[in-house]
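Observations on the model geometry
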Amino acid sequence: MPFDANHSGTDEFQFNTTSELFQLPTATTGQIALTQALLSRDIEVSELTDAQTETFSDFAELLDTASAADINTSDHVINLLGEDLDITFVEDFRTTDGQKLDGAATEHGRIFLDADLTGASLKATLVEEIAEAAFNEAFDSTSQGDFGAEVAARLSGKTDPAVLAAFSSETQDDTVQTEFGTAEAATSSPVSDQFTFPFSQDIIGVNNLDGTYDHKLTTYGSGDLPPFERLDEPTLVTPGARQMNLSNIQGKYDLNGDGVLDQYAMRAAYADVERPISVLGVTPTKLLPTSQSNSVLIGQGEASTTWVLRTEQRHETSAEFNWNSSVATTLEASGEFLGIGASASVTASVEAGGSVKSTNAFTVANEVRDTYTIPAGAYEPGTLVNYGFHMIVGDVDVVQHTLYILEITNAASGTEDFITFQGYNRDTIQDHYAGLVVTDYDVNNPPLGEDIIGLA
């Protein structure tokens, strides 16, 4: 039908985003994170005393300040918060029985941090200990579970209920003895199979990942080896195995608890099979004429042509478009696909991995036949009109999830020696295939952007 004609019939397209497919975690404020962590321990905020309420309000501001600041050294911490908090940096900070600590908060609200911490690890540990200090000062006692780690997790955007619930469990007691007294600690050893916050932040920052989740320690025995051949598999927007930078974590953590600071080697990176690509939305940008379209100078009568998209034929577009097989498949499955309602699954190439290919050719899985007519009077005589099959291209907002496998190369015999975790990145692929449509339009006034939606 003509682009400028009244649209009628049952082929109306409603453009919706598919936020239910995947929602990126969003960071929250210190006040909200503290409140949620208290509620997870059955502490109602409404039942706090005025003094306790004021304490948490003050510490919420300190959490927001620390979270937003560019913190790299101990001097940055002291200059930023030294007047508001009792913070001490300790050389080779350990418990009285020798366990290495990144930080700790005592029952009286004092904060101690390891003097060797820098960058993301320092900032993350500081945030965790500020939250611990808030609880300790408000209640003059240590918390159930790991209150500081839960607040830090919530501030970083973690939303998994199972992960958050683990922090408030009585089995996750982080109370330790130090030379400064009883304290709740951030250690270099995990209290569960989830990563500590500093480790995760070190991976994220240096590799430009948006985030990570589902971190697990494991042991691969003979016959159960991870896919080491996946070092060179191309990825879409996340780093591949060979691109991952491990410099921020070498020799800083004892994740398997064997008493030795870990050395790591990347062994594999490949698409997370459960959700490798999520499409968050599509913004149409333009139409590309195909080899099954034609231009006609409008006269007094109608113009009509029958085109067939045959499965055995190669069909071309007037300009190149970007193509990724996983993205294209997800577009169709998600309902973001801007299509003609016919069974015409488009394939541009057979790909291994997650690369993006630029091409001007495609094939279809099912033959499609269409007789398209521009009725007389639809356009002024002398208008140059293109009609027939057109490809819609657009900017596709995607999130890619990649599974990474690290080996702890110096793990003690009998201890867990591999770490798996999922990392994700969000990005936009421009001029990506977004569907096929049969339409007509004025060549000198082509539809762009959201106007294209009305054609589908």
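Residues numbered from 1 in each chain as written. Predicted model: local features only at pLDDT ≥ 70, side-chain atom pairs only at ≥ 80, totals over all residues. Heavy atoms only, no water.

In this structure the tally under the stated criterion is 10 salt bridges. Ionic contacts of the salt-bridge type, sharing partners, join the residues Arg-41, Glu-150 and Arg-154 into one network. (Salt bridge = Lys/Arg side-chain N within 4 Å of Asp/Glu carboxyl O.)

Turning to its location among the elements, Thr-106 is positioned in strand E2 (residues 101-106). Here Thr-106 is in contact with Phe-112, Asn-136, Phe-180, Thr-182 and Ala-183, once residues within four sequence places are set aside. (Helix = DSSP H or I, 4+ residues; strand = E, 2+ residues; numbered from the N terminus. Contact = heavy atoms within 4.5 Å.)

Even without glycine at this site, Asp-92 takes up a positive phi of about 50°. Tracing the chain through its elements places Asp-92 in the loop between strand E1 (87-90) and E2. For Asp-92, a relative accessible area of 43% puts it in the partly exposed group. Residues other than glycine seldom take positive phi values, yet Asn-208 does so here, at roughly 55°. (Buried < 20%, exposed > 50% of the residue type's maximum accessible area, 1.4 Å probe, protein only.)

Another aspect to go through is the packing of aromatic side chains. Summed over all chains, the structure comprises 12 aromatic pairs. Where Phe-135 meets Phe-147, the ring centres are 5.0 Å apart and the plane angle is 50°; that geometry is what we call tilted. On the criterion of sequence distance, the pair formed by Phe-135 in helix H4 (residues 119-139) and Phe-147 in helix H5 (residues 147-155) is long-range, its members being 12 residues apart. Comparing Phe-135 with Phe-147, the two get one shared label, buried. Through a chain of ring-to-ring contacts, three or more aromatic side chains come together here, namely Phe-56, Phe-135, Phe-139 and Phe-147. (Phe/Tyr/Trp six-rings, centres within 6.5 Å; stacked < 30°, edge-to-face > 60°.)

Here we come to a nonpolar patch on the surface. There is a patch of nonpolar side chains on the surface, built from Leu-297, Leu-384 and Val-443 and spanning about 230 Å² of accessible area. Within the element layout of this structure, Leu-384 appears in strand E14 (residues 384-408). You can call Leu-384 partly exposed: its relative accessible area is 32%. (Patch = residues over 30% accessible without salt bridge, like charges linked within 9 Å, V, L, I, M, F, W, Y side chains within 5 Å. Areas by Shrake-Rupley, 256 points an atom, 1.4 Å probe, with all protein chains shown as cover.)

Take helix H2 (residues 50-68) next. Structural remark: α-helix, 3.6 residues per turn; residues separated by three or four positions point the same way. Here H2 contains 19 residues, and its C-alpha end-to-end distance of 27 Å stays within 8% of the 27 Å for a straight helix at 1.5 Å per residue. Among the residues of H2, Gln-52, Thr-55, Phe-56, Phe-59, Ala-60, Leu-62, Leu-63 and Ala-66 are the ones counted as buried. Tucked into the core, H2 has its buried residues touching helix H1 (30-39), helix H3 (74-81), H4 and H5. (Expected span 1.5 Å × (residues − 1).)

Below, the discussion takes up the side chain of Thr-383. Among the secondary structure elements, Thr-383 is positioned in the loop between strand E13 (368-374) and E14. A polar side-chain atom of Thr-383 sits 2.7 Å from the main-chain carbonyl oxygen of Glu-380. Contact partners of Thr-383, with chain neighbours within four places excluded, come to Val-296, Leu-297, Ile-298 and Asp-442. (Polar contact = N/O pair within 3.5 Å; in protein donor to acceptor, adjacent residues only side chain to side chain.)

Attention shifts here to the pairing of strand E12 (residues 357-364). Across five bridges, the pairing between strand E10 (residues 315-323) and E12 is antiparallel. Considered in E12, the bridge of His-315 is made with Phe-362. (Pairing = 2+ DSSP bridges.)

The subject of this paragraph is the environment of Asp-70. Locating Asp-70 in the fold gives a position in the loop between H2 and H3. The sequence separation of Asp-70 and Ala-120 amounts to 50 residues, and the corresponding C-alpha distance is 9.3 Å. Among the polar contacts made by the side chain of Asp-70, one reaches the side chain of Asn-72 at a distance of 3.3 Å.

Of the residues making up H1, those classed as buried are Gly-30, Ala-33, Leu-34, Ala-37 and Leu-38. Buried positions in H1, seen along its axis, are confined to an arc of 135° and lie on one side of it. (Arc of directions from axis to C-beta.)

Direction vectors running N to C along H3 and H4 enclose 40°, while the axes themselves pass 11 Å from each other. By the angle class used here, H3 and H4 are oblique. Taken as a pair, H3 and H4 cross one another with a handedness that is right-handed. On H4, the residues touching Ser-74, Val-77 and Leu-81 of H3 are Leu-122, Leu-126 and Ile-130. Taken together, the residues that form the contact of H3 with H4 break down as five nonpolar, one polar and no charged. (Axes fitted to C-alpha atoms, helices over the stretch in contact; angles between N-to-C directions. Parallel < 35°, antiparallel > 145°, perpendicular 65-115°, else oblique. Left-handed = near helix turned anticlockwise from the far one by under 90°. Nonpolar A, V, L, I, M, F, W, Y, C, P; charged D, E, K, R; others polar.)

What follows deals with the nonpolar core. Ranked by internal contacts, the top residues of the largest apolar core, which has 35 residues, are Leu-34, Leu-126, Ile-130, Phe-147 and Val-151. Counting only elements with at least two residues in this core, the list comes to H1, H2, H3, strand E3 (111-114), H4 and H5. The element best represented in this core is H4, accounting for nine residues. Other than its neighbours up to four places away in sequence, Leu-34 contacts Phe-56, Phe-59, Ala-60, Leu-63, Ala-131, Ala-134, Phe-147 and Val-151. (Core = buried A, V, L, I, M, F, W, Y, C linked by side-chain atoms within 4.5 Å.)

This paragraph deals with a negative patch on the surface. Where like charges cluster on the molecular surface, the negative patch consists of Asp-50, Glu-54, Asp-58, Glu-61, Asp-64, Glu-83, Asp-84 and Glu-137. The greatest single-element share of the negative patch, amounting to five residues, is contributed by H2. In this fold, Asp-84 is placed in the loop between H3 and E1. With a relative accessible area of 52%, Asp-84 lands in the exposed category. (Lys, Arg positive; Asp, Glu negative; His and termini not counted. Charge placed at Lys NZ, Arg CZ, Asp CG, Glu CD.)

Attention shifts here to the confidence of the model for the protein chain. With 82% of its residues at a pLDDT of 70 or more, the protein chain has an overall mean of 80. Looking at the elements of the protein chain, mean pLDDT is at its lowest for helix H6 (residues 161-167), recorded as 70, and at its highest for E10, recorded as 94. In this model, residues 188-194 is a region of pLDDT below 50 whose contacts with residues beyond four sequence positions or in other chains number 22 contacts. (pLDDT = per-residue confidence, 0-100.)

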